Amino acid sequence: MSKEKYQPETLAVRAGAVHSQFNENSEALFLTSSFTFDSAAQAAARFVGNEPGNIYSRFTNPTVTMFEERLAAMEGAEQCVATASGMSAILACVMGLMKAGDHIVTSQSIFGATINLFNNIIKKFGVETTYVSATDVSRWQAAVRPNTRLFFLETPSNPLTEISDIAAIAAVARGCGALLVVDNCFCTPILQRPLDLGADIVIQSATKYIDGQGRVLGGAVLGNRKLMEPVFGFLRTAGPTLSAFNAWVMLKGLETLKIRMDAHSANSLELARWLEAQPNVARVYYPGLPSHPQHKLAMRQQKTGGGIVSFEVKGGREAAWRVIDSARLISITANLGDTKTTLTHPASTTHGRITPEARAAAGITEGLLRIAVGLEAVVDIQADLARGLV
Ligand SMILES: *Cc1c(COP(=O)(O)O)cnc(C)c1O
């Protein structure tokens, strides 16, 4: 593709495509673990010289490279490194950019496995983590130590859809010489581009909206070339790289990402408004609703409210489980970003292992339900929920 400035939906279907000698119009799947050389001299040039070209698919693979170039164009990043999953993207970011004695500041409202990674794995290597409010910028400043190297946030948060002010937190990070990493899984580059707002690095769990049909796992780390070099170095040595097949599936996912995000968002807004009008619903959490405490910030930072709606039913766990057990259409699963609507009870599943006190402090009550709104007709989703909202 030429270097002209294209719109996101154009980049989604065109950026990063390379063509083989067969002139295929669609991106090819290169299922090969290694690549051959024309001569001993060329092999040497690839391995120890800096001659560009593929060597082995743990390092680079043409299908994976196409996915990386397309996603980089969409996020506005100089470089993207693809990973086997969202979690291996976070691991690669930390292993590539941090060392023993460094410190992370992050929000309390991040993905559970990320908290586990920071508390139980990264900590063993001498990197400590401090948790602060997702929404109170002054807490981020107050948590900074001389050895703070990384700020890490996720916005909107799961399941309460709290919004962190990326530009404000980026300014604090810059002021203390730390890097700001944003997990952009819930918005994707279609709804939010953290690098434009001052973040240094974006993390994607491509398993969610980028694949978009719940089929494969994948992830990505995006940023400038200098920052991505050690991240890529970790990946090519340690090995949690993206498989060519999954990259090929994700390339297809990127092509429809814009229209899917628009449809997820429109369905979510309609469903959130309907939920707000239900007598047995005590509260609805959705950034696209004017009743959301950070609605204005959300609408400045993201294009829409996104595809995740949480709500609290009256009657605690019994009432919440009744909604789940009455569903005939909606899938009872904790995954999200799928064409199929999914429903989960955070207090007994994704947040079931933390103490009741920590859960209460995080606002995750027994009556809370989270819906990742899919692409079915909203009337059908409503009818499925209405059966249990009695
Ligand atoms: C799912 C998820 C991850 C982890 O991604 P995997 O692909 O499952 O490893 C990270 N962050 C967020 C916000 C997620 O929802």
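Residues numbered from 1 in each chain as written. Predicted model: local features only at pLDDT ≥ 70, side-chain atom pairs only at ≥ 80, totals over all residues. Heavy atoms only, no water.

K.L.:
I keep staring at the packing of aromatic side chains and nothing clicks. Help me out?
P.N.:
Here a ring pair, both rings aromatic, is described through the centre-centre distance and the interplanar angle of the planes. Here the structure, examined in full by the defined rule, presents five aromatic pairs. With 5.5 Å between their ring centres and 90 degrees between their planes, Phe118 and Phe152 make a pair best called edge-to-face. You can see Phe118 sitting in helix 5 (residues 112-121) and its partner Phe152 sitting in strand 4 (residues 148-154), a full 34 residues away along the chain. Assessed through its relative accessible area of 1%, Phe118 is described here as buried. Of the residues examined, Phe152 reaches a relative accessible area of 2% and is grouped as buried. The ring of Phe59 carries Arg236 above its face, with NZ or CZ at 3.8 Å from the centroid. (Phe/Tyr/Trp six-rings, centres within 6.5 Å; stacked < 30°, edge-to-face > 60°. Helix = DSSP H or I, 4+ residues; strand = E, 2+ residues; numbered from the N terminus. Buried < 20%, exposed > 50% of the residue type's maximum accessible area, 1.4 Å probe, protein only. Lys NZ or Arg CZ within 6 Å of the ring centre and 35° of its normal.)

K.L.:
Looking at this structure, how should I read the packing of helix 3 (residues 62-75) against helix 10 (residues 244-255)?
P.N.:
Working note: a packed helix pair is described by the angle between its axes plus the distance between those axes. Look at helix 3 against helix 10: their axes get within 8 Å of each other, and the N-to-C directions meet at 35 degrees. Crossing of helix 3 against helix 10: the hand is left-handed. Counted together, Thr63, Val64, Met66, Phe67, Arg70, Leu71 and Met74 of helix 3 and Ala244, Ala247, Trp248, Met250, Leu251, Leu254 and Glu255 of helix 10 form the full contact between these two elements. Its residues assigned to classes, the contact of helix 3 with helix 10 comprises eleven nonpolar, one polar and two charged. (Axes fitted to C-alpha atoms, helices over the stretch in contact; angles between N-to-C directions. Left-handed = near helix turned anticlockwise from the far one by under 90°. Contact = heavy atoms within 4.5 Å. Nonpolar A, V, L, I, M, F, W, Y, C, P; charged D, E, K, R; others polar.)

K.L.:
Sorry if this is basic, but what is going on with the nonpolar core here?
P.N.:
Considering soluble globular proteins, one finds that nonpolar side chains tend to be buried as a cluster. Core analysis: the biggest nonpolar cluster contains 36 residues, and Phe67, Leu71, Met74, Ile210, Leu222, Leu254 and Leu257 have the highest contact counts within it. Of all the elements in the fold, those that place two or more residues in this core are helix 1 (8-14), helix 3, strand 1 (79-83), helix 8 (188-191), strand 7 (219-223), helix 10 and helix 11 (257-276). The element contributing the most residues to this core is helix 3, with six residues. Both domains that furnish three or more residues to this core are identified here as domain 1 (8-255) and domain 2 (258-386). Excluding anything up to four places from it in sequence, Leu71 contacts Cys80, Pro189, Gln204, Ile210, Ala220, Leu222 and Leu254. Membership of the second largest hydrophobic core comes to 26 residues, among which are Ile90, Val181, Ile203 and Phe234. (Core = buried A, V, L, I, M, F, W, Y, C linked by side-chain atoms within 4.5 Å. Domains from an automatic or database assignment.)

K.L.:
Sorry, what's going on with the state of the cysteines here?
P.N.:
Here a disulfide denotes one covalent bond, and it connects the sulfur atoms of two cysteines. Counting across every chain of the model gives zero disulfides. Lacking any disulfide linkage, Cys93 is separated from the closest cysteine sulfur, that of Cys80, by 12 Å. The thiol of Cys185 is unpaired, and the distance to the nearest cysteine sulfur, on Cys187, comes to 9.4 Å. (Disulfide = S-S within 2.5 Å.)

K.L.:
Looking at this model, I keep getting lost on the sheet that holds strand 2 (residues 103-107). Mind explaining?
P.N.:
Sheet strands line up and pair through hydrogen bonds in the backbone, either parallel or antiparallel. Taken together, the seven strands give an open sheet; going across it, the order is 1-7-6-5-4-2-3, and neighbouring strands pair in mixed fashion. The sheet is open, and its two edges are formed by strand 1 and strand 3 (128-132), each paired on a single side. Going from strand to strand, the sheet's axes swing by 20 degrees on average, the running direction of each strand aside. Sheet analysis places strand 1 next to strand 7, joined by five bridges and oriented antiparallel. Its bridge partner lying in strand 7, Val81 is registered against Val221. Those strands touched by helix 5 are strand 2, strand 3 and strand 4, and its axis lies near 140 degrees from that of strand 3. Contacting strand 1, strand 5 (179-183), strand 6 (201-205) and strand 7, helix 9 (residues 225-238) runs over the sheet at an angle of about 20 degrees to strand 1. (Pairing = 2+ DSSP bridges.)

K.L.:
What exactly am I supposed to notice about the sheet that holds strand 10 (residues 331-332) here?
P.N.:
Within the open sheet, the five strands sit side by side as 8-9-12-11-10. Their pairing is mixed. Lying at the two open borders of the sheet, with one neighbouring strand each, are strand 8 (281-285) and strand 10. Taken together, the two bridges between strand 10 and strand 11 (residues 342-344) define a ladder with parallel strand orientation. Paired with Ser331 across the bridge in strand 11 is Thr342.

K.L.:
Any chance you could explain the domain arrangement of the protein here in plain terms?
P.N.:
How large an interface is tends to be reported as the accessible area lost when its parts come together. Segmenting the protein into domains produces domain 1 (8-255) and domain 2 (258-386). Between domain 1 and domain 2, the C-alpha centre-to-centre distance is 27 Å. Of all residues in domain 1, Leu160, Leu191 and Tyr209 give up the largest surface area on contact with domain 2, accounting jointly for 27% of the area buried on that side. The tally of links between domain 1 and domain 2 comes to zero salt bridges. (Buried area = accessible area lost by both parts, 1.4 Å probe. Salt bridge = Lys/Arg side-chain N within 4 Å of Asp/Glu carboxyl O.)

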